[in-house]
Structure formats: structure tokens, C-alpha cells
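# Results of the structural survey
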Amino acid sequence: MPSANLTVDPAFRVGRVDPRLYGSFVEHLGRCVYTGLYEPDHETADKDGFRQDVADLVRDLGVPIIRYPGGNFVSGYNWEDGVGPAGQRPTRLELAWHSIETNRVGTDEFVRWAGGVGAEPLLAINLGTRGIEAARNLVEYCNHPGGTYWSDLRRANGSPQPYGVKVWCLGNEMDGSWQIGRQTAAEYGRLAGETARVMRLVDPGIELVACGSSHHQMPTFGSWEATVLAETYDTVDHVSMHAYYQQHGADRGSFLASAVDMDRAIDEVVATADHVRAVGRHRKRLGISFDEWNVWYLSRFQTPEQAERGWAVAPRLLEDVYSVTDAVVVGNLLITLLRHADRVRIACLAQLVNVIAPIMTEPGGAVWRQASYHPFALTSRYGRGTVLRLEPAGDRYETAEYGDAPLLDAVAVLADEPDAPELRIFAVNRHQREPLTLDVDLRGLPGLAVASHLAIADDDPDAVNTAAEPDRVSPRRLADRAVDGGRLRTVLPPLSWNLIRLGAPG
Ligand code: AHR
């Protein structure tokens, strides 16, 4: 049987987890908003038209921050279209996703809904077709108390208190050929820097995210960040990263090792940001806002087909159905984000409902959790505290895309609940057929005695949840294990994501 071992010692700390690592993303795309979170005719809809069956699952998922309204959508969006009396809002051609946008949901509705599900809004501004003027007006609309044109408009629209939106994305994927109003790094760096400066004049307390590369394989990856950050270092707090992974053909081994790529990409962006810091003699260190990440079967979504679809409100787009294998990869990507908790301050699972999402709905019908919902919800619930540095060792395997990769990936989080200290180990076994023996040296944490174990694993790694079978894939409880002589010996099922909680004797 393959095996791996690791040592957990509280002296070796990566850093504290910023809860915003467990963010998500709502875009005006497909059925994410309309017939996803918002459906006034649904039997569970509240007075504002939001489905409460969906809101309940969002609360249970544990997302403390939600990015909005895009994504590619934001680069053609006029935020003013989405405020004011609903009946007077314009219906527009939405060019990023070739859809009809009714603007029934806009900033006010989203911010109120986010508050109701326990999340703060992370708003993106349009730097594709718009710029400084629209951005500063939106900050004034959201965050200024009153007595000015835009803040009084918010008050007139039903929100007397300012929203206090803290985090703002300066555009979206501005290096992408698919982006409305795409720019070169020099053009974007200049515009983002100036926009940031003016937004801060309206509200000095905001946190700003500059667009990094759209993904690790972009030809300008690295040089884009260097150029943009040279222009914006003083005026922004974070640089964004985005990454989507999928299984290509039958190559499941590489797909299971997707986190190897995410790890490397984070290291490279951190190195680039720190290089700009050194060259510019800056004091502060930038954070990473990994504000789009997930498994996405992008190859199934053919852009040229968009024109053939015609124009529709809330078409079914990007409704990927996630398997056990996809859930294990999602859990593994969370392990990577946690491992970089010293620099990754914000991360957003893209997206939240229906569109490459952990939550699915049928219009007028049911809501259910995808397989990927579970590792996210459990990591968000238990992955809070201090991340400890681990150096796992053990058996490895060969992948076509990433070469030699470890069978085990793991991270440990020490929860600082004063009366009940707990260690949480999140671990993935990438072996597709064999269980993996895991040996954990816990002598540095003498109080821990018992381990409870939840796993996402299945005899069928392609099993999925559907409306008809919503709980086909859900976490399984494995046998408790005792810590013996400061060591835990346990077994991770084949192709599995695992949460092992260690606490004092009950
Ligand atoms: O999340 C789907 C899309 O992926 C977003 O709109 C865009 O930012 C990215 O390319």
C-alpha cells in the first residue's frame, strides 16, 4: 500500500487564515442570478424576490465575502442601470455572454442579499468600457453617508445607511482577448492606478485589487504583473489571480495534481510582487486576491456557438455537473490556498449558483448541493485559525502535465478555540485505486488524543449529485482513531479528500 508521513509542530506557522479565503462569486451570467439566487415567482422567494432555499444553502456553505457583478460581465456594465425603480431599469444586450440583461437585480439588491446570507460584498468596477468617473460615483453611492448626489440617490433608493463596501476589484481580466475593452499592461496599469487613487479620495478606507493575469498560461504571465504593479503598487492592496482546472481526456492523474500548478502560480505571483516591492523600495507587502478559482470544463463551452444561441434572458450556461473526482480537486485547491495563507488574503470560488457552482437550482423547483459543495463547506467551517507548515514525504506518481507529483497533499490548521484546542488536517490521496497509509507525528501537540475522520470518496469516482439524487455524493464518516505515543496512523481511501479532526479525549 502506498504511504506518506508528516510531522505537525505548532512552532512552524505559515500564518493566520483570513476568513475571506472562503469567498465566492456571483456574476450576471447564465442562471447564476436569475432563477438562481433570484426568482420572485419561486415558492420560497422573500419579499425582494430572493429564493430562501438557495439562501439557506449559501449560509451553510460559509462564504464571508462574495464578488459581484462579474467577471467578464462587468467590463460592459453600467452600474447605474441596476439602481432605482425596477420597472424603469433598461433592458440591455449583454455582450460578454451574449444574453439579455433585465437589470432587475443590481447593486442595492445584491448588497442587501449578501448581508442576509452573512457575506460582505466585494464589488468589481468596469474598467473595460468605463473608468474613473463611473468608479468614483459608485464608491460615493455605496459608501458616502449622505448629502451628495450619489449618496442621496442611494438613500432615495431605500438604503439610508452607507454599505461600507471594503474591497473593490479594479476591473476584470483586463489582459484577456475575450475581455470587453482589453488593454495592454501599461495601459491598464496607468488606468488602474489613477482610478484607485480617485476611489480612495472618496473613501480612504477601501481595499483595492489590481488585475493580475487571467491565468497561469497567459503569454504575458509574470510580465503583466510586473508592469501593472510598477504603476499601482502604492495605490492597491492585492493583485488578483484566476485559475480553472479540468480533466483533459482520460488524463485523470494530471487533473488530480492540478494543485501543483496552483501552488506554482501563487509562488510566481508572490515573487513578482516582491520583486516590484524591492525595486520600488516599498514597505508594504501585497496580498493575493485569488478571486476566481474552480474546476471548469471550459472546453465544453464553445464561444463561437454564442452567436448561434440567439439572445435570451438567463440562458443555461456553464452548468457543469461536478463528480467525486472534481470535488477532490476542489478540496485540494483549498489546501493550496490555505498553504499560502500568509499571502492569499481573499479567494472566491467561482461561482456560487448554477454557473460552475456548488449550488444548483431548477426554475420553480428544487435546490441541491453539488459534490464540490462538501469539501468547500467543511474547509470553510473547520479551516479557521493558524496554518501550520507541513513537509509531507511519501510515495509519488508520474503525471503527463506536471511530471512527478506526491500522492499525498495536506495542510494543517490549528483552531484557536480556547477551551477546546483542535487540529484539523485536510488531506488528499491522489492514488486512483489504492488507499494511502498516513503516519502523522503529533509529539509537538501532546494534548491531542482522538481523531475523527470525514472523507469524500466513492467506489464510482464519476458519481454526481442531481435533483433526483441530491445526496448521492456526501461526506462519509470513517472510523475514529486514537493517537498512540504521539502518532496517528490512518488510511485515506483511494481518490479521496479527507478532513481529520484531532482533539482532546472526550
Ligand atoms: O467565471 C466565469 C468567467 O471566467 C468570468 O466571467 C471571467 O472573469 C473568467 O474568465
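Described below are features of the structure shown in this document. No experiment lies behind these values; they were computed from the predicted model shown. Within any chain, residue numbers begin from 1 and follow the written order of that chain's sequence. Per-residue local features are limited, in this predicted model, to residues with pLDDT of at least 70; the limit for side-chain atom pairs, both in listing and counting, is 80 or more; totals at the level of whole chains, interfaces and linings are taken over all residues. With hydrogens and water stripped out, all remaining heavy atoms of the structure feed into the side-chain values.

## A closer look at the overall build of the chain
- For helices the rule is a DSSP run of H or I covering at least 4 residues; for strands it is a run of E covering at least 2, with both sets numbered from the N terminus onward. Assigned secondary structure in the chain consists of 11 helices and 25 strands.
- Computation of the radius of gyration draws on C-alpha atoms alone. For the globule rule, the value is 2.2 Å times the number of residues to the power 0.38. Over its C-alpha trace the chain gives a radius of gyration of 23 Å, about what one expects of a compact globule, namely 23 Å for 506 residues.
- Counting only C-alpha atoms and orienting by the principal axes, one finds that the chain spans roughly 70 × 60 × 50 Å.
- Whether a residue is buried, partly exposed or exposed follows from its accessible area with a 1.4 Å probe, protein chains only, as a fraction of its type maximum: under 20%, in between, or over 50%, in that order. Taking all 506 residues of the chain together, the buried fraction comes to 60%.

## What about a nonpolar patch on the surface?
- Only residues above 30% relative accessible area that lack a salt bridge enter a patch, with like-charged residues linked at up to 9 Å and the nonpolar side chains Val, Leu, Ile, Met, Phe, Trp and Tyr linked at up to 5 Å. Using the Shrake-Rupley algorithm and a 1.4 Å probe, accessible areas are obtained, with residue cover drawn only from the displayed protein chains. Think of a salt bridge as a Lys or Arg side-chain nitrogen and an Asp or Glu carboxyl oxygen that are within 4 Å of each other. A cluster of nonpolar side chains, contributed by Leu93, Leu95 and Trp311, occupies part of the molecular surface with about 330 Å² of accessible area.
- With respect to the helices, strands and loops of the structure, tryptophan 311 is situated in the loop between α9 (305–308) and α10 (324–339).
- Given a relative accessible area of 39%, tryptophan 311 falls into the partly exposed group.

## A word on the layout of surface pockets
- Here a cavity is any set of points on a 1 Å grid over the protein atoms alone where a 1.4 Å probe fits but cannot get out, and a pocket is any open set with protein on both sides within 12 Å along at least 5 of 7 lines; a residue lines the site when it has an atom within 4 Å of a point. Grid points are joined across faces, edges and corners, and a volume is the space filled by probe spheres set on the points. Looking at the largest pocket, its volume works out to about 820 Å³.
- Taken together, 39 residues form the lining of the largest pocket, with Trp178, His215, Tyr244, Trp296 and Leu298 sitting closest to its centre.
- Tallying contributions element by element places strand β10 (residues 238–245) first for the lining of the largest pocket, with four residues.
- Under this grouping Gly is polar, as are all residues other than the nonpolar Ala, Val, Leu, Ile, Met, Phe, Trp, Tyr, Cys and Pro and the charged Asp, Glu, Lys and Arg. Partitioned by chemical class, the residues of the lining of the largest pocket number 17 nonpolar, 16 polar and six charged.
- Of the volumes computed, that of the second largest pocket is approximately 440 Å³.
- When residues of the lining of the second largest pocket are traced back to their parent elements, those giving at least two are α8 (258–279), β15 (386–388), β16 (393–394) and β19 (408–415).
- Looking at the lining of the second largest pocket element by element, the count peaks at four residues for β19.
- Among the residues forming the lining of the second largest pocket, the class breakdown is 13 nonpolar, one polar and eight charged.

## Concerning the sheet that holds β10
- Paired strands are those between which DSSP finds at least two bridges. Strand order in the closed barrel formed by eight strands is β3-β4-β7-β8-β9-β10-β11-β12, with parallel pairing between adjacent strands. Averaged over neighbouring strand pairs, the angle between their axes works out to 30 degrees when direction is ignored.
- Summarising the sheet, strand β4 (residues 65–68) and strand β7 (residues 120–125) pair through four bridges and their orientation is parallel. Bridge pairing in β7 places isoleucine 66 opposite proline 121. Every angle, taken between N-to-C directions, lies between 0 and 180 degrees, and every axis is a line fitted to C-alpha atoms, over only the stretch in contact when it is a helix.

## With respect to the nonpolar core
- Among the nonpolar cores identified, the biggest contains 153 residues, and Val8, Trp113, Trp168, Phe290, Trp293 and Leu423 are the most heavily contacted of them.
- Leaving out residues up to four positions away in the same chain, tryptophan 168 has contacts with Leu122, Leu123, Ile125, Leu138, Val139, Cys142, Asn143, Met199, Ile206, Glu207, Leu208 and Val209.
- Residues Ile65, Val167, Val209 and Ile346 belong to the second largest nonpolar core, which totals 11 residues. Nonpolar cores were defined as sets of buried Ala, Val, Leu, Ile, Met, Phe, Trp, Tyr and Cys residues, with membership established by side-chain atoms within 4.5 Å. Note on definitions: a residue-residue contact is assigned when non-hydrogen atoms from the two residues lie within 4.5 Å.

## Description of the environment of cysteine 348
- Summarising the element assignment, cysteine 348 is placed in strand β12 (residues 344–350).
- Accessibility expressed as a relative area gives 0% for cysteine 348, which makes it buried.
- Spatially, the C-alpha atoms of cysteine 348 and glutamine 161 are 26 Å apart, while their sequence positions differ by 187 residues.
- Other than its neighbours up to four places away in sequence, cysteine 348 contacts Gly23, Ser24, Phe25, Arg67, Leu122, Phe290, Asp291, Glu292 and Trp293.

## Looking at the sheet that holds strand β21 (residues 436–441)
- Sheet architecture is open: four strands sit in the order β16-β1-β21-β24, paired in mixed fashion. Of all the strands in the sheet, the pair left with one neighbour each is β16 and β24 (487–492).
- Pairing of strand β1 (residues 3–7) with β21 involves five bridges; the strand directions are parallel. Directly across from serine 3, in β21, lies its bridge partner threonine 437.

## Topic: the pairing of strand β25 (residues 496–503)
- Where burial is concerned, most of β25 is hidden: seven out of the eight residues are buried.
- Sheet topology note: the strand β20 (residues 422–429)/β25 ladder contains seven bridges and is antiparallel. Its bridge partner being in β25, valine 428 is matched across the sheet by tryptophan 497.
- As judged from the seven bridges shared by strand β22 (residues 450–456) and β25, these two strands associate in the antiparallel manner. Within β25, the position partnered with valine 450 by the bridge is glycine 503.

## Some thoughts on the site of the ligand
- By convention in these notes, a residue is near a molecule or strand provided one of its non-hydrogen atoms lies within 4 Å of it. Taken together, Phe25, Glu27, Gly71, Asn72, Trp97, Asn172, Glu173, Tyr244, Glu292, Trp296, Gln351 and Ile356 are the residues near the ligand.
- Under this definition, polar contacts are N or O atom pairs within 3.5 Å; protein pairs additionally need one hydrogen-donor-capable and one acceptor-capable atom, and for neighbouring residues in sequence, both atoms have to be side-chain atoms. Within the backbone of asparagine 72, an N or O atom sits 2.9 Å from an oxygen atom of the ligand.
- A distance of 2.7 Å separates an oxygen atom of the ligand from a polar atom in the side chain of glutamate 173.
- Here the ligand, which alone exposes 280 Å², has 96% of that area covered by the protein.
- By definition, a pocket or cavity contains a molecule when more than half of the molecule's atoms lie within 2 Å of the pocket's grid points. In this structure the site holding the ligand corresponds to the largest pocket.

## Observations concerning the packing of α8 against α10
- Closest axis-to-axis distance for the α8/α10 pair is 9 Å, and the angle between their directions is 25 degrees. The angle between the axes of α8 and α10 places the two elements in the roughly parallel class. Pair α8 / α10 crosses with right-handed handedness. Mapping the contact onto sequence places Ser258, Ala259, Met262, Asp263 and Ile266 in α8 and Val329, Asn332, Leu333, Thr336, Leu337 and Arg339 in α10.
- Its residues placed into classes, the contact of α8 with α10 shows six nonpolar, three polar and two charged. To sort the angles, those under 35 degrees are grouped as roughly parallel, those over 145 as roughly antiparallel, those from 65 to 115 as roughly perpendicular, and the leftovers as oblique. Each crossing gets its handedness from the near helix: less than a right angle anticlockwise from the far helix is left-handed, clockwise is right-handed.

## Considering unusual backbone geometry
- Residue proline 69 is bonded to the preceding tyrosine 68 through a cis peptide linkage, with omega at 0 degrees.
- Mapping proline 69 onto the fold places it in the loop between β4 and β5 (92–94).
- Even without a glycine there, the phi angle at glutamate 173 is positive, about 40 degrees.
- Look at alanine 314: it is not a glycine, yet its phi comes out positive at around 50 degrees.
- Note on placement: alanine 314 falls in the loop between α9 and α10.

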